[in-house]
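# Structural features, examined
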Amino acid sequence: MSSDISYDPVSALDENEAVGVIADIFLDIRHTMKIPLVTSIWRGLADIDNSLETIWAMAKPIYQTEKVENKLKAIISKIVLPLPSSLESDELKNCELTRQDWEQISIILKAYNRSNGMNMVALHAMIKLNFPKVSVNTKSSEKINWPTLPNLMHREQIDDNTWDLICDVNSLCAPNGKKSHVATLWRHLAHWPTFLRIINKKLKPLYETDKLQSLLLKTKTELSQNGLQIEFKEFFNHNLSPKAYSTVKDYVFKETQVIRMVVIGHIIQNWIKSQKIY
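## Thoughts on unusual backbone geometry
What is expected of a backbone is that most residues other than glycine have negative phi and most peptide bonds are trans. With a phi angle near 55°, Asn50 is a residue other than glycine that sits in the positive phi range. Mapped onto the elements, Asn50 comes out in the loop between helix 2 (40–45) and helix 3 (52–63). Classification of Asn50 by relative accessible area gives exposed; the value is 70%. If you check the backbone angles, Cys173 has positive phi at about 65° while not being a glycine. Mapped onto the elements of the fold, Cys173 is located in the loop between helix 7 (160–170) and helix 8 (184–188). By relative accessible area, which is 9% here, Cys173 ends up buried.

This is the structure we're talking about:
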């Protein structure tokens, strides 16, 4: 599958099923990044040549610099995201989504946008700079308290009609259309098929006019030219397997992978906020 991720997020190790060292690393990832969940890149690496522990040990100090969040905000601001068309009164009336539904959807989007965005910035810098050894003198005392998120459903828990809808919205700018690996965000939003149907409708015009594609390339260029700069004196000798290395490199260098989800995720988050629904 060209330009697609080398593992399937749907079948990658479930965070709740992790044990031992892997469970400890997942917990450390959540605490370090201040996120309520572990996104698929880390779950996928857990099954690729025992690379999770090595890659996280090298990447963690980059996340701790506190420059990652600032760079993510700068990139999102620089690329200037468009807003899809507003909800019509009849769309809002007929969607049957409650205020609580919209709030939970927004929380999920914020969680994935933070996680995917920080991964995009930090792992891009790690690969581009050839695995720098970063010294971190201080740790942030800031705490982010997340509400409890709905469970991430497995494929067998999602009915076929909703799964087809998930594959449809996931196909936007994906490397292999509806046959592409499904990003985890959509599976988490499967609790609200109506929302998936609405946002698919709202995003389609941006895709059909090539605006989404242009934004992905713009983000890719911004990362390459003005990505995270880190002070360091030494490099790690990573000894990663070719598959582990290419998995991380493609994840941040190919615009159809995490860049795609960062751009689309922030567009949806901004769109919900602009609707002033809750």
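Picking up after the structure, the text goes on.
## Focus: the environment of Trp146
By the secondary structure assignment, Trp146 is in the loop between strand 1 (132–133) and helix 7. Judged by its relative accessible area of 25%, Trp146 is partly exposed. Between the C-alpha atoms of Trp146 and Tyr245, which are 99 residues apart in sequence, the distance is 32 Å. With residues near it in sequence (within four places) discarded, Trp146 still touches Lys34, Ile35, Pro36, Ile107, Lys110, Ala111 and Arg114. A polar side-chain atom of Trp146 sits 3.0 Å from the main-chain carbonyl oxygen of Lys34.

## Some details on the pattern of salt bridges
Opposite charge on two side chains permits pairing when their charged atoms draw close. A full pass over the atoms with the stated rule returns eleven salt bridges. In this structure, Arg99 and Glu103 form a salt bridge, with 3.4 Å as the shortest nitrogen-oxygen distance. Here Arg99 pairs with Glu103, and both are found in helix 6 (residues 99–128), just four residues apart, close to one helical turn. Residue class for Arg99 comes out exposed when judged on its relative accessible area of 53%. In this structure, Lys220 and Glu255 form a salt bridge, with 3.2 Å as the shortest nitrogen-oxygen distance. Taken together, the residues span a long stretch of sequence, with Lys220 in helix 10 (residues 211–226) and Glu255 in the loop between helix 11 (242–253) and helix 12 (258–275) at a distance of 35 residues. On the accessibility criterion, Lys220 (32% relative accessible area) is partly exposed. Via salt bridges that share partners, Glu91, Lys201 and Lys202 belong to a single interconnected network.

## Digging into helix 7
Among the eleven residues of helix 7, eight are classified as buried, and the element is accordingly described as predominantly covered. The complete set of buried residues in helix 7 reads Thr162, Trp163, Leu165, Ile166, Cys167, Asp168, Val169 and Asn170. Of the surrounding secondary structure, the elements contacted by the buried residues of helix 7 are helix 8, helix 9 (193–208) and helix 12. For helix 7, the N-terminal capping position is held by Asp159, with its side-chain oxygen 3.1 Å away from the main-chain nitrogen of Asn161.

## Section: the side chain of Asn119
Tracing the sequence through the fold places Asn119 in helix 6. Looking at Asn119, the relative accessible area reads 0%, which means it is buried. Within the local environment of Asn119, its side chain forms a polar contact with the side chain of Trp42, the two groups lying 3.3 Å apart. With sequence-adjacent residues up to four places away left out, Asn119 is seen in contact with Met33, Thr39, Ile41, Trp42, Tyr63, His124, Tyr251 and Val252.

## Looking at the packing of aromatic side chains
Scanning the model with the defined rule gives seven aromatic pairs in all. For the ring pair Trp56 and Tyr63, a centre distance of 5.5 Å and an interplane angle of 45° mean the geometry is tilted. By relative accessible area, Tyr63 is classed as buried at 4%. Judged by centre distance (6.2 Å) and plane angle (40°), the ring pair of Phe131 and Tyr245 falls under tilted. Of this pair, Phe131 sits in the loop between helix 6 and strand 1 while Tyr245 sits in helix 11, and the two are 114 residues apart along the sequence. On the basis of relative accessibility, which here comes to 27%, the residue Tyr245 falls in the partly exposed class. Joined through ring pairs, the aromatic side chains of Trp42, Trp56 and Tyr63 make up one cluster. The ring of Phe236 has Lys133 sitting right over it, with the charged end atom 5.4 Å from the ring centre.

Cut-offs used in this document
- Here the residue numbering is sequential within each chain, running from 1 through the sequence in written order.
- Local features in this predicted model are restricted to residues whose pLDDT is 70 or higher, and side-chain atom pairs enter the listing and the counts only when it is 80 or higher, whereas totals over whole chains, interfaces and linings include all residues.
- To obtain the side-chain values, all non-hydrogen atoms of the structure were included, while hydrogens and water were left out.
- Helix and strand labels come from DSSP, where a helix needs a run of H or I of at least four residues and a strand needs a run of E of at least two; each type is numbered from the N terminus.
- To sort residues, take the accessible area from a 1.4 Å probe on protein chains only and compare it with the maximum for the residue type: under 20% means buried, over 50% means exposed, and anything in between is partly exposed.
- Here a residue-residue contact requires only that any non-hydrogen atoms of the pair lie within 4.5 Å.
- By the criterion applied in these results, polar contacts are pairs of N or O atoms within 3.5 Å in which, for protein atoms, one can donate a hydrogen and the other can accept it, and in which residues neighboring in sequence qualify only through two side-chain atoms.
- Take a side-chain nitrogen of Lys or Arg and a carboxyl oxygen of Asp or Glu: if they are within 4 Å of each other, that pair is a salt bridge.
- A pair of Phe, Tyr and Trp rings is counted when the ring centres sit within 6.5 Å of each other, with Trp represented by its six-membered ring. The angle between the planes then sorts it: under 30 degrees is stacked, over 60 is edge-to-face, the rest tilted.
- Whether a charge lies above a ring is judged from NZ of Lys or CZ of Arg, which has to be within 6 Å of the ring centre and within 35 degrees of the ring normal.

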